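Chain by chain, the residues run as shown.
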Amino acid sequence: MWGIIATWRMAVEGITKADEMLKEGADAGDAIETAIKEVEDFPYYKSVGYGGLPNEEMEVELDAAYMDGDTLDIGAVAAIKDYANPISIARRLSHEKVNCMLVGEGAEKFAHKEGFERKNMLTDRAKIHYRNRVKEVQQQEIKPYSGHDTVGMVCLDTHGKMTAATSTSGLFMKKKGRVGDSPISGSGFYVDSKVGGASATGLGEDLMKGCISYEIVRLMKEGMHPQEACETAVNKLDEELKERRGKAGDLSLIAMNNKGEWGVATNIEGFSFAIATENEKPIVYLTKNVD
Ligand code: SD4
């Protein structure tokens, strides 16, 4: 069995490539890195990689992470600027014994030393989005934090190895140095080849309050199907946040177990996700409102 599941429609070209590789027996690490790079490199996906949404200071600071479900190795970068593929830097960091998570200048120094491609990630299109948003914010029509999507994926290869990965520019107009859930183990992603994996998209500040990706893997370990695990974890966190704080931010989760069964849950209307498995050709689904 093989399979790959990803947040948002933007992932479909990437998972199509990964599906081709997995069919041929490729490693889940290589397949997921290829799939995420496809999203990072596409300039019109405005919340991941090249063309990503800038922070308050009009700089593109990116977060990414990679996890190997066999060894539980994790690599992550946060608030990294001017490098083409944060996912590849994160994966390289996962091979280090210590210093596996690097931020800002430290991450850039590591990337430079390791010979990763430097690239100005701020596109003219992103500058236009930024300037428009500044105007909208001044006119108080819109909150600075709306408009953001993260690509998160979970992958299973024919050898039974599982991986998880994320990549994002985080929240539009975030403060310089702000780090979301995406590079944080257990929140933005988690995977264990003995069980399965999960990945998140939505409001990082709220996703982190539930360590929600780990929670889903924990529920799957207790025997839940990925769908039941996703729904249980998302509904519980949504309810807890509403009860304690009056409202919950966007929470959308994908998961796959080591049999290639998958699940999705969200508290927003119209969350799209992409999936490909040995039994299903690459396809995009759109969820209905779960409320
Ligand atoms: C973050 N969770 O930085 C990311 C953003 C995101 O859909 O996923 N948006 O908080």
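This report concerns the structure included in the present document. Quick caveat: nothing in here was measured; it's all calculated off a predicted structure. (Residues numbered from 1 in each chain as written. Predicted model: local features only at pLDDT ≥ 70, side-chain atom pairs only at ≥ 80, totals over all residues. Heavy atoms only, no water.)

## Comments concerning the packing of aromatic side chains
Part 1 of the argument: In total, this model carries 7 aromatic pairs according to the counting rule given.
Part 2 of the argument: Taken together, a centroid distance of 4.9 Å and an interplanar angle of 85° make the contact between W8 and F271 edge-to-face. Here W8 is found in the loop between β1 (3-7) and α1 (12-23), whereas its partner F271 is found in the loop between β10 (262-266) and β11 (272-277), with 263 residues between them in sequence.
Part 3 of the argument: Given the relative accessible area of 0%, F271 is considered buried.
Part 4 of the argument: Where F271 meets F273, the ring centres are 6.2 Å apart and the plane angle is 25°; that geometry is what we call stacked. (Phe/Tyr/Trp six-rings, centres within 6.5 Å; stacked < 30°, edge-to-face > 60°. Helix = DSSP H or I, 4+ residues; strand = E, 2+ residues; numbered from the N terminus. Buried < 20%, exposed > 50% of the residue type's maximum accessible area, 1.4 Å probe, protein only.)

## A look at the nonpolar core
One recurring pattern in soluble globular proteins: nonpolar side chains tend to sit buried together.
Part 1 of the argument: Formed by 64 residues in total, the largest nonpolar core has its most connected members in I4, I5, I15, V151, M153, I212 and I216.
Part 2 of the argument: Beyond its immediate stretch of four places on either side in the chain, I15 contacts I4, A6, A35, M153, A274, I275, A276 and P282.
Part 3 of the argument: Counting residues in hydrophobic clusters, the runner-up holds 16 residues, among them V77, I80, L102 and F110. (Core = buried A, V, L, I, M, F, W, Y, C linked by side-chain atoms within 4.5 Å. Contact = heavy atoms within 4.5 Å.)

## Here's the deal with α1
Part 1 of the argument: Helix length check: α1 (12 residues) gives 16 Å between terminal C-alpha atoms against 16 Å at 1.5 Å per residue, within 8%.
Part 2 of the argument: Among the residues of α1, V12, G14, I15, A18, D19 and L22 are the ones counted as buried. Down the axis of α1, the sector holding all buried residues measures 145°, keeping them to one side.
Part 3 of the argument: Among the structural elements, β1, α2 (28-41), β5 (151-156), β11 and β12 (280-286) are those in contact with the buried residues of α1.
Part 4 of the argument: Of the residues trailing α1, G25 is marked for its positive phi of about 90°. (Expected span 1.5 Å × (residues − 1). Arc of directions from axis to C-beta.)

## Examining the packing of α2 against helix α3 (residues 86-93)
Part 1 of the argument: Orientation of α2 relative to α3, taken along the N-to-C sense of each, is 150°, at an axis distance of 8 Å. It follows that α2 is roughly antiparallel to α3 by the angle criterion. Every residue of α3 that contacts α2 at G29, D30, E33, I36, K37 and E40 is listed here: P86, I87, S88 and R91.
Part 2 of the argument: Taken together, the residues of the contact of α2 with α3 break down into 3 nonpolar, 2 polar and 5 charged. (Axes fitted to C-alpha atoms, helices over the stretch in contact; angles between N-to-C directions. Parallel < 35°, antiparallel > 145°, perpendicular 65-115°, else oblique. Nonpolar A, V, L, I, M, F, W, Y, C, P; charged D, E, K, R; others polar.)

## Thoughts on the sheet that holds strand β2 (residues 62-68)
Part 1 of the argument: Spatially, β4-β3-β2-β6-β5-β1-β11-β12 is the arrangement adopted by the 8 strands of the open sheet, whose pairing is mixed. For this open sheet the edge positions go to β4 (101-103) and β12, each flanked by a neighbour on one side alone. Going from strand to strand, the sheet's axes swing by 10° on average, the running direction of each strand aside.
Part 2 of the argument: Bridge count for β2 against strand β6 (residues 162-168) is 6 bridges, and the pairing is antiparallel. Bridged to D63 within β6 is T168.
Part 3 of the argument: Sheet strands touched by α1: β1, β5, β11 and β12. Its angle to β11, the strand with the most contacts, is close to 10°. (Pairing = 2+ DSSP bridges.)

Geometric descriptors of this kind do not, in isolation, establish any biological role.
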